[in-house]
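# Structural features, examined
Chain by chain, the residues:
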Amino acid sequence: MDDAAARPVQTFRIETAGGASRIAASIALLIVLVLALLPMFAGRTLIQDLIFLFYMLALAQCWNLLAGYAGLISVGQQAFVGLGGYLLFALTLIGGLNPLLAIPIAGVVSALFALPTALIVFRLRGAYFAIGTWVVAEVYRLVFAQIKPLGGGTGTSLTPTITSSVPGIEWVKTLLDLRTPAARDIVSYWVALALVVATLAAVYFILRSRRGLALGAIRDHEAAAAGLGVDIYRIKLAVYVATAAMTGMIGALIYLQKARISPDAAFSVLDWTAYVIFIVVIGGIGTMEGPVVGAIIFYLMQRYLADFGAYYLILLGTLGILVMLFAPKGLWGLVAERHGLTLFPTRRRLVIEADKRVQLNP
Amino acid sequence: MLLEVAGLKKSFGSIVVADDLDLVVAPGEAVGIIGPNGAGKTTLFNLIAGGLTPTAGHIRFDGRDLLGVALPARCRAGIGRTHQIPQPFEKLTVFENLLVGAVYGRHQSEREVAQSCGEILERLGLLRRANALAGSLTLLERKRLEMARALATAPRLLLLDEIAGGLTEGECTELVATIREIRKTGVAILWIEHVVHALLAVIDRLVVLNFGRKIAEGVPKEVMKRPDVYQIYIGIEA
């Protein structure tokens, strides 16, 4: 009978992410700092390239959360890029708001549009869901093509007064002794950097929270997760709405930088979804590092191979197919699997505190 | 009664997989179910704990009708289940697998459930593997993880689906000891099993299914002696 009492009583504790993450955090901070100061030294081409890299990475992180974790293979995220872009134009051209203020509003409105959209597409499963999201995006495109004050089917441009009304441009102009267009790029670059850092932080925060635990379970086995009490519908809806908000803000930023919008470009499935899927798949779906690796590879290919025209697209497709066949976990998966690497640790570890033996008859 | 199944019927087209089934499980009771392949055993589990909707009849858990109650809510109400083919979250660790069940099945925070998850892992002999990826486990370990994960949701009724299948004699003995220990904590057990001797070492009552119908029920040793059951039993062991 004393057997049970004599058994060591173990105390357990949960520990999320280890000490290595502190070093990683310092490195990440350093990288962000270097990137923030880069416009002081770098040329205008590099700055414009990096803006492109940043928003593609932000879009890829959103799509990865959606498809890689929540299992929502959407082919219609261009709906929210276009919506965000058009909202920016409407709020600044018609509403007279400052562009920087229009970006967060575009995010909120995108989330509001995502709710009824979800009610429709969430009735569909698998391939039907994918096609459904695409169809919805086409509907968005056709609706915006009807809005005459925003240029209808041909689109419209932002006035120079609006594009140069972003706070900070004057300051950069005098500080670095630049013309307005170059200063405008630098401010856009900072906003893009802030947005990509915010997106990475938001996704990381979600994955470390209890929702992240459920998302990991849904990614690995949806039915089993439901059987353990995870409310699949609610979590998927939350992810869909949250990524729509982020995607809408990125869309607003993209079209602030482009200063010209048309329905065909803003709701382009190739630019805002196909390339994004390519990035996530070659980098490694279902990890946060994958889209980072994928975005850098995509940027380099675009930078050095885009001049080859059609051959560039053929090469892009071939690389995508090769990775899917021979490294289905993506290029990051190849490296991480071998060395157990992670840049964004979310692991929960069980730690045994100490053996507290119950003292019996000293 | 903890679980009450009455007049349960399920058919897929012209194929009837559950035919006017009645079954009760009292709190803390252990009930075994045997029957040949295709007798409708797993279907019964899917009707109780899964997404299947019965064609007729009803299932009550703790007095509450389960018709129209979604899967996650059934888990939170206190029904835990293991699958014949383990369904681990392969890219999560063993401990994280349990955390999912504990956090969502019990509505508690990760910090609050860490202690009980550790204790469950210790009881099931998985503590050593707590921080290993679930995808790296052996079959026996996967089966133990199925049970550990179900226990993490703090169930009042545990449905075990052929948990002893494919194990060696020694592993089976260990498993029986573990299930007996779980019983001692007051959890009711409904257990489908082809390994009859393992089943008989635990249960209070035995139910025999054949072609979706209950053909016998009662004290295990007596039920096994019935000629019609004996015939099916031979069929199972062969």
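Rules behind the numbers
- Residues numbered from 1 in each chain as written.
- Chains lettered and ligands numbered in written order.
- Predicted model: local features only at pLDDT ≥ 70, side-chain atom pairs only at ≥ 80, totals over all residues.
- Helix = DSSP H or I, 4+ residues; strand = E, 2+ residues; numbered from the N terminus.
- Buried ≥ 20, exposed ≤ 12 C-beta atoms within 10 Å, placed from the backbone.
- Contact = placed C-beta atoms within 7 Å.
- Rg over C-alpha atoms; globule rule 2.2 N^0.38 Å.
- Nonpolar A, V, L, I, M, F, W, Y, C, P; charged D, E, K, R; others polar.
- pLDDT = per-residue confidence, 0-100.
- Core = buried A, V, L, I, M, F, W, Y, C linked by C-beta atoms within 7 Å.
- Axes fitted to C-alpha atoms, helices over the stretch in contact; angles between N-to-C directions.
- Parallel < 35°, antiparallel > 145°, perpendicular 65-115°, else oblique.
- Left-handed = near helix turned anticlockwise from the far one by under 90°.
- Expected span 1.5 Å × (residues − 1).
- Pairing = 2+ DSSP bridges.
- Right-handed = clockwise from strand over helix to strand, strands pointing away.

### Quick notes on the overall build of chain A
Counting its secondary structure elements, chain A contains 17 helices and four strands. Oriented by its inertia axes, the alpha-carbon framework of chain A measures out at about 85 × 50 × 45 Å. By residue count, 40% of the 362 residues in chain A fall in the buried class. Of the contacts formed within chain A by residues at least 6 apart in sequence, a portion of 77% connects residues at least 24 apart.

### Regarding the overall build of chain B
Each helix and strand counted, chain B has nine helices and 10 strands in total. For chain B, whose C-alpha radius of gyration is 17 Å, the value lies close to the compact-globule estimate of 18 Å for 238 residues. Its C-alpha atoms put chain B at 50 × 40 × 30 Å along the principal axes. Looking at chain B residue by residue over its 238 residues, the buried ones come to 47%.

### Here's the deal with the interface of chain A and chain B
Each side of the interface is counted separately: chain A has 24 residues, and chain B has 31 residues. Secondary structure elements with two or more residues in the side of chain A that touches chain B: β1 (9-16), α10 (210-220), α11 (222-227) and β4 (348-356) of chain A. At six residues, the largest contribution of residues to the side of chain A that touches chain B is made by α10 of chain A. Considering only residue class, the side of chain A that touches chain B consists of 11 nonpolar, six polar and seven charged.

### Brief notes about the confidence of the model for chain A
Within chain A, residue pLDDT values average 88, and 94% of them lie at 70 or more. Predicted confidence is poor over residues 357-362 of chain A, with pLDDT under 50, and the contacts of this stretch with residues over four places away or in other chains come to seven contacts.

### Observations concerning the nonpolar core
Within the largest apolar cluster, 172 residues are counted, with the highest numbers of intra-cluster contacts made by L253 of chain A together with V100 and C117 of chain B. The element best represented in this core is helix α3 (residues 44-69) of chain A, accounting for 15 residues. Excluding anything up to four places from it in sequence, C117 of chain B contacts L350 of chain A together with F95, L98, L99, A102 and A152 of chain B.

### As for the packing of α3 of chain A against helix α9 (residues 180-208) of chain A
All names here are of chain A. At a minimum axis separation of 9 Å, α3 and α9 run at an interaxial angle of 25°. Judged by the inter-axis angle, α3 sits roughly parallel to α9. For the pair α3 and α9, the sense of crossing is left-handed. Across the interface between the two elements, R44, I47, Q48, L50, I51, F54, Y55, L57, A58, Q61, C62 and L65 from α3 touch A182, D185, I186, S188, Y189, A192, L193, L195, V196, T199, L200 and V203 from α9. Classifying every residue of the contact of α3 with α9 gives 18 nonpolar, four polar and two charged.

### Overview of helix α6 (residues 126-144) of chain A
With 19 residues, α6 of chain A ought to run about 27 Å at 1.5 Å a step, and its terminal C-alpha atoms sit 28 Å apart, in line with that. Contacts from the buried residues of α6 of chain A go to α4 (78-94), α5 (99-121), α13 (263-266) and α14 (269-283) of chain A.

### A word on the sheet that holds strand β2 (residues 15-25) of chain B
Residues and elements named next belong to chain B. Read across the open sheet, the four strands follow the order β2-β1-β4-β5; overall the sheet is antiparallel. Every interior strand has two partners, whereas the edge strands, β2 and β5 (64-65), have only one. Note: strand β4 (residues 56-61) against β5, two bridges, orientation antiparallel. Note on β5: the bridge partner recorded for R60 is D65. Taken strand by strand, helix α1 (residues 41-49) contacts β1 (3-12), β2 and β4, and its axis lies near 65° from that of β2.

### Quick notes on the sheet that holds strand β8 (residues 188-192) of chain B
Residues and elements named next belong to chain B. An order of β6-β7-β8-β3-β9-β10 is seen for the six strands of this open sheet, with the pairing classed as mixed. The open sheet has two edge strands, β6 (79-81) and β10 (213-218), and neither has a second partner. Within the sheet, the average angular offset between the axes of one strand and its neighbour, ignoring direction, is 20°. Relative to strand β9 (residues 205-210), strand β3 (residues 30-34) runs parallel, the two sharing four bridges. Counterpart to G32 in the pairing with β9 is L206.

### Some details on the environment of V196 of chain A
Topologically, V196 of chain A is positioned in helix α9. Along the backbone, V196 of chain A and V136 of chain A are 60 residues apart, and their C-alpha atoms lie at a distance of 26 Å.

### Structural notes on the confidence of the model for chain B
The share of residues in chain B with pLDDT of 70 or more is 97%, and the mean pLDDT across the chain is 90. With pTM at 0.87, the complex prediction returns an ipTM value of 0.89.

### A look at the packing of helix α3 (residues 94-106) of chain B against helix α4 (residues 110-123) of chain B
Residues and elements named next belong to chain B. Across the interface, α3 lies against α4 with an axial gap of 9 Å and an inter-helix angle of 125°. Considered as vectors, α3 and α4 are oriented oblique to each other. Seen along the crossing, α3 lies across α4 with a hand that is right-handed. In this structure, α3 contributes V94, F95, L98, L99, A102, V103 and R106 to the contact, and α4 contributes E110, V113, S116, C117, I120 and L121. Among the residues making up the contact of α3 with α4, the classes are represented as 10 nonpolar, one polar and two charged.

### What about the pairing of strand β7 (residues 157-161) of chain B?
Residue and element names in this part refer to chain B. By the criterion of burial, β7 is predominantly enclosed, with five of the five residues buried. Residues L157, L159 and D161 line one face of β7 and the alternating positions L158 and L160 line the opposite face, and both faces are buried. Sheet analysis places β6 next to β7, joined by three bridges and oriented parallel. Along β7, the bridge assignment pairs I79 with L157. In the sheet, β7 pairs with β8 via five bridges, with the strands oriented parallel. Paired with L159 across the strands is L190, a residue of β8. Handedness of the crossover is the feature at issue here: the chain leaves β7, passes through helix α6 (residues 169-184), returns alongside β8, and the resulting connection is right-handed.

### Topic: the pairing of β9 of chain B
All names here are of chain B. Sheet analysis places β9 next to β10, joined by five bridges and oriented antiparallel. Within β10, the position partnered with V208 by the bridge is A216. Counting the residues in the hairpin turn of β9 and β10 gives two residues, including F211, whose phi is positive at 50°.

### Quick notes on unusual backbone geometry
With phi around 65°, A259 of chain A is a residue other than glycine that occupies positive phi space. Along the chain, A259 of chain A turns up in the loop between α12 (232-258) and β3 (260-261). Look at A259 of chain A and you get partly exposed, because 15 C-beta atoms sit within 10 Å. Non-glycine residue F211 of chain B carries a positive phi angle of around 50°. In this structure, F211 of chain B sits in the loop between β9 and β10.

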